[in-house]
Amino acid sequence: MHKLRQSNPLEHLTALPSPVSFSIWWNGGSILGVLLGLQIVTGLFLSMHYTADLVNTFSSVIHIVRDTPGGWLFRNFHANGASLFFVFIYLHMARGLYYQSYITQPRTWMIGVTIFIVSMATAFLGYVLPWGQMSFWGATVITNLLSAIPYLGPSVVEWVWGGFSVGQSTLNRFFSLHFILPFLIGGLSALHIIFLHEKGSTSPIGDLNHVSKTPFHPYYSWKDLVGFLILGIVIVILGFFYPTILGDPENFIPANPMVTPVHIQPEWYFLFAYAILRSIPSKLGGVVALGMSVAIFYFLPLASSKMATPAAFTPPYQLTFWLFIVFFGLLTWLGACPIEEPYMSLAVPLTYIYFFWFLLFIGVPAYWKKLIS
């Protein structure tokens, strides 16, 4: 009977022993799975009418919205679904950071960071596809950062572009990669869940060896359905009533290589990294800081102690976490501000604080444990 249960993935999932103290913050993973499925399905239908050539690309997006039956709905859900995906991925990572999942489940955490990075790449590639003003100039600015690589930089940029500027070859390869990367995210998500179930989920008290557990179904499957319902309400409100609230007005203008927008900026979920990039005077230093602003999450499991000190019993760690959220929000705001004073001066200390704060994430729990023992 035990072997039969182990061989049935569905039964293994529904009967998964789960802590009785799960809170609403544990709904994020399942909601992300639903959003990933939504993005794949809507993207598949959009690709059937999308044209990846410089002459008709922008018009094909207009055609999808105006002329294709239901095209406006798929387009609105796909565009706003990307923003919602990052809302929940940030909430999911924040929950893992607060409850120190990088210590209790290091492999699960590192796969999660990889999913985050691949999702950022996928979102950037998708942002270029409508071929509006911000799409074109965003692609130009971000791909130009590769020129900071010593010796090989200019050649790498030309290879990525497929020519001497952002053009037809760039659009073709961006479309291909944007189509295939979500399936990689799906594979990584499956690996993420496998590693998660290997040890089991942590609880709000940061423990894996729970005294009291309950089957995942029906207790948490119904709880997930409530999360799906709330997600559905939010995405319907955005898709039907406020479809452009999270977009940039410049992207409603066809791409024009001869006219530069007054203020070039990425989507809101990249703004914290964009602010860090702009705060470093050196181009190479800015690119390294940009990469490290995300890659630094990989180092948390490697540098932390082997035993987690639950945040519920570590007030200094709670303060450290919430201050980090404030600094992250300030960097996001500064990334949307013009490149002028006082915004530039504010971004520099916040960049140093952002990286320094990861030392506190590592050191504060260890110091508190010594202090109370």
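Counting restarts for each chain, with residues numbered from 1 along the sequence as it is written. pLDDT decides what is reported in this predicted model: residues at 70 or higher carry local features, side-chain atom pairs at 80 or more are listed and counted, and totals for whole chains, interfaces and linings draw on all residues regardless. Excluded from the side-chain calculation are hydrogens and water; included are all heavy atoms of the structure.

## What to know about the packing of aromatic side chains
Put simply, the rule is: Pairing of aromatic side chains here covers Phe, Tyr and the six-membered ring of Trp, requires ring centres within 6.5 Å, and sorts the geometry by plane angle: under 30 degrees stacked, over 60 edge-to-face, intermediate tilted. Accessibility here uses a 1.4 Å probe with only protein chains present; expressed as a share of the type maximum, an area under 20% marks a residue as buried, one over 50% as exposed, and anything in between as partly exposed. Each ring is checked for a lysine NZ or an arginine CZ that lies within 6 Å of its centre and within 35 degrees of its normal; such an atom marks a charge sitting over the ring.
On inspection of all chains with the given rule, the structure shows 39 aromatic pairs. Between the aromatic rings of Phe136 and Trp137, the centroid separation amounts to 5.3 Å while the plane-to-plane angle is 90°, which identifies the pairing as edge-to-face. Owing to a relative accessible area of 13%, Trp137 belongs among the buried residues under this scheme. The cationic tip of Arg95 hangs over the ring face of Trp26; the distance from NZ or CZ to the ring centre is 4.6 Å.

## Description of the packing of helix H12 (residues 271–279) against helix H13 (residues 283–295)
Pairs of packed helices are described in terms of their axes, by the angle between the two and the distance that separates them. Quick reminder of the rule: Angles run from 0 to 180 degrees between N-to-C directions of axes, and those axes are lines fitted to C-alpha atoms, restricted for helices to the stretch in contact. Only DSSP runs of H or I reaching four residues or more are called helices, and only runs of E reaching two or more are called strands; each is numbered from the N terminus. Every angle not falling under 35 degrees, over 145, or within 65 to 115 is termed oblique; those three ranges are roughly parallel, roughly antiparallel and roughly perpendicular. Whether a crossing is left-handed or right-handed is set by the direction in which the near helix is turned from the far one by less than a right angle, anticlockwise for left-handed and clockwise for right-handed. By definition in these notes, contact holds between two residues if any of their heavy atoms fall within 4.5 Å. Gly is put with the polar residues, along with every residue not named as nonpolar or charged; the nonpolar set is Ala, Val, Leu, Ile, Met, Phe, Trp, Tyr, Cys and Pro, and the charged set is Asp, Glu, Lys and Arg.
Where H12 contacts H13, the two axes come as close as 8 Å, and the packing angle between them is 150°. As judged from the angle between their axes, H12 and H13 are roughly antiparallel. H12 and H13 meet at a crossing whose hand is right-handed. Between H12 and H13, the contacting residues are Phe272, Ala273, Tyr274, Ile276 and Leu277 on the first element and Gly286, Val287, Ala289, Leu290, Ser293 and Val294 on the second. Considering only residue class, the contact of H12 with H13 consists of nine nonpolar, two polar and no charged.

## Some words on unusual backbone geometry
Residue Pro342 is reached from Glu341 by a cis peptide bond, and omega for that bond is 5°. Assignment of secondary structure puts Pro342 in the loop between helix H15 (315–335) and helix H16 (343–372). Phi is positive for Gln100, close to 55°, though the residue is something other than glycine. Despite not being glycine, Trp131 has its phi angle at roughly 60°, a positive value. The topology assignment puts Trp131 in the loop between helix H7 (106–128) and helix H8 (133–144).

By themselves, these observations are geometric and do not establish any function.
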